[in-house]
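Breakdown of the fold
The residues making up each chain are set out below.
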Amino acid sequence: MHSTEQLRIVIAGHVDHGKSTFIGRLFHDTGSLPEGKFEQIQAACERRGVPFEWAFLTDGLQAERDQNVTIDTGHIWFRTPRRRCVLIDAPGHKEFLKNMVTGAAGAEAALLLIDAVEGVREQTRQHEQLLQLLGIKQVVVLVNKMDRCGFRVDVFRRLAAGYPGKLVIPICAKTGDNIAAKSANMPWYDGPTALEALDGFESPEPPANLPLRLPVQDIYRFDNRRIVAGRIESGALRVGDRILFSPRHKLGTVQSLEGRQSVGITLAEQIFVERGQIISHEHDAPLVADVFSAKLFWLGKQKLDIGRRLKLKLVTQEIECHIESLSNITDDGAFADVAIRTKRPIAFDTHDRVAATGRFVLVDQHRVCGGGIITKGESIERSQNVFWTETEVSRADRERRNKHKGTVVWLTGLSASGKSTIASALERELFALGMHTYVLDGDNIRHGLSANLGFRPDDRTENIRRVGEVAKLFCDAGIIVVVAFISPYRDDRRLARSLVDEGDFVEVHVNASLAACERRDKKGLYRKARAGEIANFTGVSAPYEPPEHAEIVLDTERHTPAECVEQILRHLQDNGRI
């Protein structure tokens, strides 16, 4: 076995059953302590007037030494004859179970400690279920504190009987029995020591041999470059690779790549990319769906109910979701099989395929209330069976007949900034010039196409996606489509731009101060918003992100609608659109 092989092992069990003591003794008995560390601990205990405890090796927080309770997960490097290990000391106290979830989530194997006298307790069972839920199949049980029952074989066998098919080892962490060497106090046991058990664990498949999964963390702009940043969770990526962005189903080619695991890439194509998308190779993509089955561990203060609305976090994706079905709920309500439906399709894997993209966390009111692993999901059929149909009349044919280019003129700005007035006047001027044109107005669209959407951020994003797709069809028909939407978020407008070819999209910032917009507001919408009668109102209770690189900026406080229309017409003429 290669000496650089590495394994992450979580040390779990009920509070005070000896997890930290076991780790301390393991380090001492294998000669793994830094020189002078043992003496340093002894001196510290003497100064504090407390008996020597091996647990002080791993309890690095002052709060832990004062309370005798491990309150956070600690990661400790350790080397066995076979491999390097990361020992994850997970807390056992009930109120720290959330930290236990965090600690165990990255592990490939586990040691579960049980006090020989106290036996299996509440947290022991919960830790067992958590390990099972997180898909950790390699578990060795250590029956600790055998000295407290006189090293009796019947006590050990009674506890071991509860774990058929698993390796169970009797130990005494305090005295080192069966830790790194066979115990003279338990001649009746002829199995491996705890150290040998660590070397008996099988290593997982290297992440590089798994499908590529690169969740997008952020997008940065430097000069004219857009750098897509993220951390490779599995697989490998190279310059020239053809990659897929899920769940948007957009394809791109890696033009440059910096970094090894935390990477930044640039693309050969200009496509819309946003945080939360998962990059994969085209031939080995994650699932994309708005519903999946999962095994859930519930930590919420309130009872888990069907229909409960929560926020789901899966790698860098965050989305509203609700519990669609519940089954196999444990008596304490902590574990259940669930079906979760998200507000829109997301990208994911089943946990047994790619662990990092197959586990999730649930949040309720900014607090973690649960976590789980995905067991089943069926991808929404898209590109495999749906094909774009080309008609016998091409876009070029239409543009020759119309004597102008199909174009999307996208007007964005605050409510009452002048978008609809300018859009209507622009449509009239283009029509008078013999152009084929049409206005898509925000209020009109919400009467029909987006009548089922509200004004929360997710609803606004879906509204702009729908309008962008409609504008794309108008553009393909050779029409100059004028879109007048507040469209407050830059990423949503970037998405709309990405749907059409380079040069087909003209972003127009209809710019007016908030004070000016409130003075013009004949409908009284700002007044109602400030009175709390309208929720999520842009500029008052919801943000507006002005364009950073709009093709046209109209100052409607200084210029009349006619002057603004003239400015747009000049741009269209200068760029060969009309």
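Keep in mind that this is a model prediction, so the values were computed, not measured.

To continue, consider the environment of Leu111. Secondary-structure assignment places Leu111 in strand 4 (residues 109-115). A sequence separation of 24 residues divides Leu111 from Leu87, and the C-alpha atoms of the two residues are 9.7 Å apart. Once residues lying within four places of it in the same chain are set aside, the contact partners of Leu111 are Ile9, Val10, Ile11, Ala12, Phe22, Val140, Leu142, Leu198 and Phe201.

With the rule as written, the count across this model stands at 32 salt bridges. In this structure, Asp290 and Arg341 form a salt bridge, with 3.3 Å as the shortest nitrogen-oxygen distance. Of the two residues, Asp290 sits in strand 13 (residues 287-298) while Arg341 sits in strand 16 (residues 335-348), which places them 51 residues apart along the sequence. Look at Asp290 and you get partly exposed, because its relative accessible area is 23%. Ionic pairing is found between Arg497 and Glu507, a salt bridge with its closest N-O pair at 3.6 Å. Within this pair, whereas Arg497 is found in helix 12 (residues 490-498), its partner Glu507 is found in strand 22 (residues 505-511), the two being separated by 10 residues in sequence. With relative accessibility at 8%, the residue Glu507 sits in the buried group.

Looking now at empty space enclosed by the protein. This structure, assessed with the given rule, holds 1 cavity of 30 Å³ or more. By volume, the largest cavity is sized at about 30 Å³. With 4 residues, helix 11 (residues 457-476) is the single largest residue contributor to the lining of the largest cavity. For the lining of the largest cavity, the class distribution of residues is no nonpolar, 1 polar and 5 charged.

Strand order in the closed barrel formed by 6 strands is 13-16-15-14-17-18, and the pairing between neighbours is antiparallel. Taking each pair of neighbouring strands and ignoring which way they run, the sheet shows an average axis angle of 45 degrees. The pairing of strand 14 (residues 309-314) with strand 17 (residues 359-364) spans 3 bridges and is classified as antiparallel. Bridge pairing in strand 17 links Lys311 to Val363.

Quick notes on the rules
Here, residues in each chain are numbered from 1, in the same order as that chain's written sequence. The model is predicted, so local features are restricted to residues of pLDDT at least 70 and side-chain atom pairs to those at 80 or more, both for listing and for counting; the totals for chains, interfaces and linings are taken over all residues. Note: side-chain values were computed over all heavy atoms of the structure, leaving out hydrogens and water. Numbered from the N terminus, helices here are DSSP runs of H or I no shorter than four residues, and strands are runs of E no shorter than two. Any pair of residues with heavy atoms lying within 4.5 Å of one another is described as a contacting pair. Salt bridges are defined by distance alone: a side-chain nitrogen of Lys or Arg within 4 Å of a carboxyl oxygen of Asp or Glu. For the exposure calls, accessible area comes from a 1.4 Å probe over protein chains only, and a residue counts as buried if that area is under 20% of its type's maximum, exposed if over 50%, partly exposed in between. Here a cavity means grid points, on a 1 Å grid over the protein atoms only, where a 1.4 Å probe fits yet cannot get out; a pocket means an open set of points with protein on both sides within 12 Å along at least five of seven lines; lining residues are those with an atom within 4 Å of a point. Grid points are joined across faces, edges and corners, and a volume is the space filled by probe spheres set on the points. The nonpolar class holds Ala, Val, Leu, Ile, Met, Phe, Trp, Tyr, Cys and Pro. Asp, Glu, Lys and Arg form the charged class, and all remaining residues, Gly among them, are polar. At least two DSSP bridges between two strands are required for those strands to pair. To get an axis, fit a line to the C-alpha atoms, keeping to the stretch in contact for a helix; angles then go from 0 to 180 degrees between the N-to-C directions.

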